Amino acid sequence: MGKKVLIVTGDAVEALEVYYPYFRLLEADVEAVIAAPTTKTLHTVVHDFVEGWETYTEKPGYLIQAQTSFEEVNPADYDGLIIPGGRAPEYIRLNKALPGILRHFFETGKPVGAICHAAQVLETVRDVLQGREMTAYIACSPSVEAMGARYISETLHVDGNLVSGHAWPDLPGFMREFLKLLNE
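Enquirer: Help me understand helix H6 (residues 171-182), please; the structure alone is not making it clear to me.
Expert: Every α-helix winds through 3.6 residues per turn, so residues three or four apart in the chain are directed the same way. End to end, H6 covers 16 Å across 12 residues, agreeing with the expected 16 Å (1.5 Å per residue, within 8%). Within H6, nine of the 12 residues are buried, leaving the element largely enclosed by the surrounding structure.

Enquirer: What should I look at first to understand the packing of aromatic side chains in this one?
Expert: Under the defined criterion, the tally for this structure stands at six aromatic pairs. Each ring, one from Tyr56 and one from Tyr137, has its centre 5.5 Å from the other, and the planes form 70 degrees; the classification is edge-to-face. Taken together, the positions of Tyr56 in the loop between strand S4 (41-48) and strand S5 (57-65) and Tyr137 in the loop between strand S9 (133-134) and helix H5 (141-146) put the pair 81 residues apart, joining distant regions of the chain. An aromatic cluster is present here, built from Tyr19, Tyr22, Phe23 and Tyr62 joined pairwise through their rings.

Enquirer: Just to check I follow, could you spell out the side chain of Asn95 for this structure?
Expert: Note on placement: Asn95 falls in the loop between helix H2 (88-92) and helix H3 (98-108). If we ignore the near neighbours within four places in the chain, the residues touching Asn95 are Pro37, Phe70 and Glu71.

Enquirer: It is not clear to me how the pairing of strand S7 (residues 80-83) should be interpreted in this structure. Could you clarify?
Expert: The two faces of the sheet receive side chains in turn, since in a regular strand these alternate between them. Here S7 shows no split at all, with Gly80 and Ile82 on one side and Leu81 and Ile83 on the other all buried. Pairing of strand S1 (residues 4-8) with S7, which is carried by three bridges, proceeds in the parallel orientation. Bridge pairing in S7 places Leu6 opposite Leu81. Pairing between S7 and strand S8 (residues 112-115): three bridges, direction parallel. Residue pairing for S8: Ile82 is matched across the bridge by Gly113.

Enquirer: What am I meant to see in helix H1 (residues 15-27) here?
Expert: Between its first and last C-alpha, H1 extends 18 Å over 13 residues, near the 18 Å set by a 1.5 Å rise per residue. For H1, the complete set of buried residues consists of Ala15, Glu17, Val18, Tyr19, Pro21, Tyr22 and Leu25. Of the residues flanking the start of H1, the one acting as N-cap is Glu14, its side-chain oxygen 2.7 Å from the backbone nitrogen of Leu16. Residue Asp29 follows H1 closely and has a positive phi angle near 60 degrees.

Enquirer: Help me out: how do you make sense of the sheet that holds strand S3 (residues 31-36) in this one?
Expert: Strand pairing in a sheet relies on backbone hydrogen bonds. The paired strands run either parallel or antiparallel. Ordered by their spatial adjacency, seven strands build an open sheet running S6-S3-S1-S7-S8-S12-S11, and the pairing between neighbours is mixed. Where the open sheet ends on each side, the last strands, each with one partner, are strand S6 (68-69) and strand S11 (156-159). Running at roughly 150 degrees to S3, H1 makes contact with S1, S3, S7 and S8 of the sheet.

So, how was this worked out
- One numbering rule holds for all chains: residues counted from 1, following each sequence as written.
- Where totals are concerned, whole chains, interfaces and linings use all residues; where local detail is concerned, this predicted model gives features only for residues with pLDDT of at least 70, and gives and counts side-chain atom pairs only at 80 or more.
- In computing side-chain values, all of the structure's heavy atoms are included and hydrogens and water are not.
- Strands are runs of DSSP state E lasting at least two residues, helices are runs of H or I lasting at least four, and both sets are numbered from the N terminus onward.
- A helix is expected to reach a length of 1.5 Å times the quantity of its residues less one.
- With a 1.4 Å probe rolled over the protein chains alone, any residue whose accessible area is under 20% of its type maximum counts as buried; one over 50% counts as exposed, and the rest are partly exposed.
- Side-chain rings of Phe, Tyr and Trp (the six-membered ring for Trp) are treated as a pair once their centres are within 6.5 Å; stacked means planes under 30 degrees apart, edge-to-face means over 60, and tilted covers the remaining angles.
- Residues are treated as being in contact if the distance between any of their heavy atoms lies within 4.5 Å.
- One bridge is not enough; two strands pair if DSSP finds at least two bridges between them.
- Counting of polar contacts relies on pairs of N or O atoms within 3.5 Å, with two restrictions inside protein: one atom must be capable of donating a hydrogen and the other of accepting it, and residues adjacent in sequence are counted only when both atoms are side-chain atoms.
- Angles here are taken between N-to-C directions and fall from 0 to 180 degrees, while the axes themselves are lines fitted to C-alpha atoms, restricted in helices to the stretch in contact.

What follows is the structure, given as structure tokens:
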């Protein structure tokens, strides 16, 4: 039986951070399932770095379908988890079903990929991050440290079953390391 990976996100997900992992998993013959607060067509955003700006800019991106809702997810059915960034993490973390999903992957040691603003989602299960190391978008370093984890300034970091990346430019290495863990 093939591998199956859950991608948890919502509206305003960073387009590259959902599309790149989704298609890279399919390319590797891994079933990729996108879950969101509700089963719907999601609106993505494009974050970019523009000279003269002290933060990133945001524009509307492509649409992508969420195949299931968080409430319908049985995390035991999945071999790994990816949490994209963008603005989706700031509101999906409020969903009451999400912490149980996240906790399952940490407690079972299954691979977890967290990129960019995914640290905001992981705050809902902060106890599983205590004493761990991870990277994230620099603006999320306070979130990482508030969880009791050590913020790593490198743009890609692996700590046990957790692969973390700084932002979308780090996706090639992020997915390489995630797939290594998935195939162990």
